[in-house]
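Given next are the chains, with one letter for each unit.
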Amino acid sequence: MFGKNIRMERIINRETGNAVIVPMDHGISIGPIGGLIDMKSTVNAVSEGGATAVLMQKGLIPYGHRTAGGDVGLILHLSASTNIGSTSDSKVLVSNVEEALKLGADAVSIHVNLGAESEPQMLSDFGKVSKDCAEWGMPLLVMAYARGPTVKDQYDPAAVAHCARAAMELGADLIKVSYTGDIDSFRTVVKGALAPVLIAGGPKMSSDIDILNMVHDSIEAGGKGVSIGRNIFQHKNPKAMTEAISGIVLRGMTVEEASKLLK
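Read on for an overview of the structure. Model, not experiment: these values are computed from the prediction. (Residues numbered from 1 in each chain as written. Predicted model: local features only at pLDDT ≥ 70, side-chain atom pairs only at ≥ 80, totals over all residues. Heavy atoms only, no water.)

Topic: the environment of Y63
At step 1: Structurally, the position occupied by Y63 is in helix 4 (residues 61–64).
At step 2: Here Y63 falls in the exposed class, since its relative accessible area comes to 57%.
At step 3: When the C-alpha atoms of Y63 and K176 are compared, they prove to be 25 Å apart, with 113 residues separating the residues in sequence.
At step 4: Sequence-distant contacts of Y63, defined by excluding residues within four places in its chain, comprise M39 and K40. (Helix = DSSP H or I, 4+ residues; strand = E, 2+ residues; numbered from the N terminus. Buried < 20%, exposed > 50% of the residue type's maximum accessible area, 1.4 Å probe, protein only. Contact = heavy atoms within 4.5 Å.)

Structural data, given as structure tokens:
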């Protein structure tokens, strides 16, 4: 596990163990959206703002990972689907751990939707990736959500807790889930997960303060950071937004202190 520990320290803050990860894999799902066109500028901005890692599909690496300033960890996303068809909740593997190693990635990630009709295949793929990660010493981030025809509320605390626990039991080193809306319910999610839990940013939010409050409350509940995409890279000032979120996650700032970095 020594190799995994070394690589893990490239995508988290070594002093706190917390992480500010900026996923940029949205293009394959929903197309070339704002913030993901000039990739080098975006990666530079979040790197300078204090992100510990960026996450992307393999084809983006030549266009976006190199930064002008300090280094930033690289997570290769192994899952994909598009919203053009009717199977967007069914994620399939489009890469593997060995390819990630060849591309210089520090970690890999997969996306699993519990409740989707293809859940059995996604869990099977999860098991294979987890096995390869253990063999090669590669950290595994798992995005686990409750989505599918039988899911009434993907933010339901019991459903989110189940997603987090399932991800841990199949070998996730870091778990990304939806925030449940309040500190007490999210504290239950974190306790049940055992492994470190990060929150997703969800759809682009209209208020910076709402985002910062969500981040702060997740840390208060025992979360270990964030994996936030659109609310960072589509912000009018991605560097400042990354600085504000990093201030809370990595330096223990209050929401009031962090919000001053946006002014």
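Alright, that's what it looks like, and here's the rest.
Structural notes on the state of the cysteines
Formally, a disulfide is one covalent bond, and it connects the sulfur atom of one cysteine to the sulfur atom of another.
At step 1: In this structure the tally under the stated criterion is 0 disulfides.
At step 2: With no disulfide of its own, C163 has C133 as its nearest cysteine by sulfur position, at a separation of 19 Å.
At step 3: Here C163 falls in the buried class, since its relative accessible area comes to 2%. (Disulfide = S-S within 2.5 Å.)

Describing helix 6 (residues 119–136)
At step 1: The end-to-end C-alpha distance of helix 6, which contains 18 residues, comes to 26 Å, matching closely the 26 Å that a straight helix rising 1.5 Å per residue would cover.
At step 2: Residues M122, D125, F126, V129, S130 and C133 constitute the buried set of helix 6. Viewed along the axis of helix 6, the buried residues span an arc of 140°, placing them on a single side of the element. Seen from the buried face of helix 6, the exposed residues on the opposite side, beyond 90 degrees, are P120, K128, K131 and E135.
At step 3: The secondary structure elements touched by the buried residues of helix 6 are helix 1 (2–8), strand 5 (92–93), helix 5 (97–102), strand 6 (107–114), strand 7 (140–146) and helix 7 (157–169). (Expected span 1.5 Å × (residues − 1). Arc of directions from axis to C-beta.)

Overview of the nonpolar core
At step 1: By size, the foremost hydrophobic cluster in this structure holds 68 residues, and its most contacted members are M24, V108, I175, F186, V215 and I245.
At step 2: Setting aside anything within four residues of it in sequence, one finds M24 in contact with L36, M39, T42, V43, V46, V54, L55, M56, L60 and F233.
At step 3: If you look at the next biggest cluster of nonpolar residues, it comprises 15 residues, including M8, L55, L141 and M143. (Core = buried A, V, L, I, M, F, W, Y, C linked by side-chain atoms within 4.5 Å.)

Quick word on the sheet that holds strand 10 (residues 225–227)
At step 1: Taken in spatial order, the 8 strands close into a barrel running 1-2-3-6-7-8-9-10, and their pairing is parallel. The average undirected angle you get between the axes of adjacent strands in this sheet is 25°.
At step 2: Taken together, the 3 bridges between strand 1 (residues 19–23) and strand 10 define a ladder with parallel strand orientation. Looking at the pairing, I21 lines up with S227 of strand 10. (Pairing = 2+ DSSP bridges. Axes fitted to C-alpha atoms, helices over the stretch in contact; angles between N-to-C directions.)

Side note on the side chain of S227
At step 1: Here S227 shows up in strand 10.
At step 2: Residue classification places S227 among the buried residues on the basis of a relative accessible area of 1%.
At step 3: A polar atom in the side chain of S227 sits 3.2 Å from the side chain of K176.
At step 4: Those residues in contact with S227 that sit more than four places away from it in its chain are I21, P23, K176, L198, I199, A200 and G201. (Polar contact = N/O pair within 3.5 Å; in protein donor to acceptor, adjacent residues only side chain to side chain.)

Quick look at unusual backbone geometry
At step 1: Phi at L194 takes a positive value of approximately 70°, unusual for a residue other than glycine.
At step 2: Secondary-structure assignment places L194 in the loop between helix 8 (183–193) and strand 9 (197–200).

Section: the pattern of salt bridges
At step 1: Tallying each qualifying case throughout the model produces 7 salt bridges.
At step 2: Salt-bridge contacts for R10 lead to D106; the nearest nitrogen and oxygen are separated by 3.4 Å. Here the residue R10 occupies a position in the loop between helix 1 and strand 1, and D106 occupies one in the loop between helix 5 and strand 6, the gap between them amounting to 96 residues.
At step 3: Among the residues examined, R10 registers a relative accessible area of 41% and is labelled partly exposed.
At step 4: Between K239 and E48 there is a salt bridge, with the nearest N and O atoms lying 4.0 Å from each other. Here K239 is found in helix 11 (residues 238–251), whereas its partner E48 is found in helix 3 (residues 39–49), with 191 residues between them in sequence. (Salt bridge = Lys/Arg side-chain N within 4 Å of Asp/Glu carboxyl O.)

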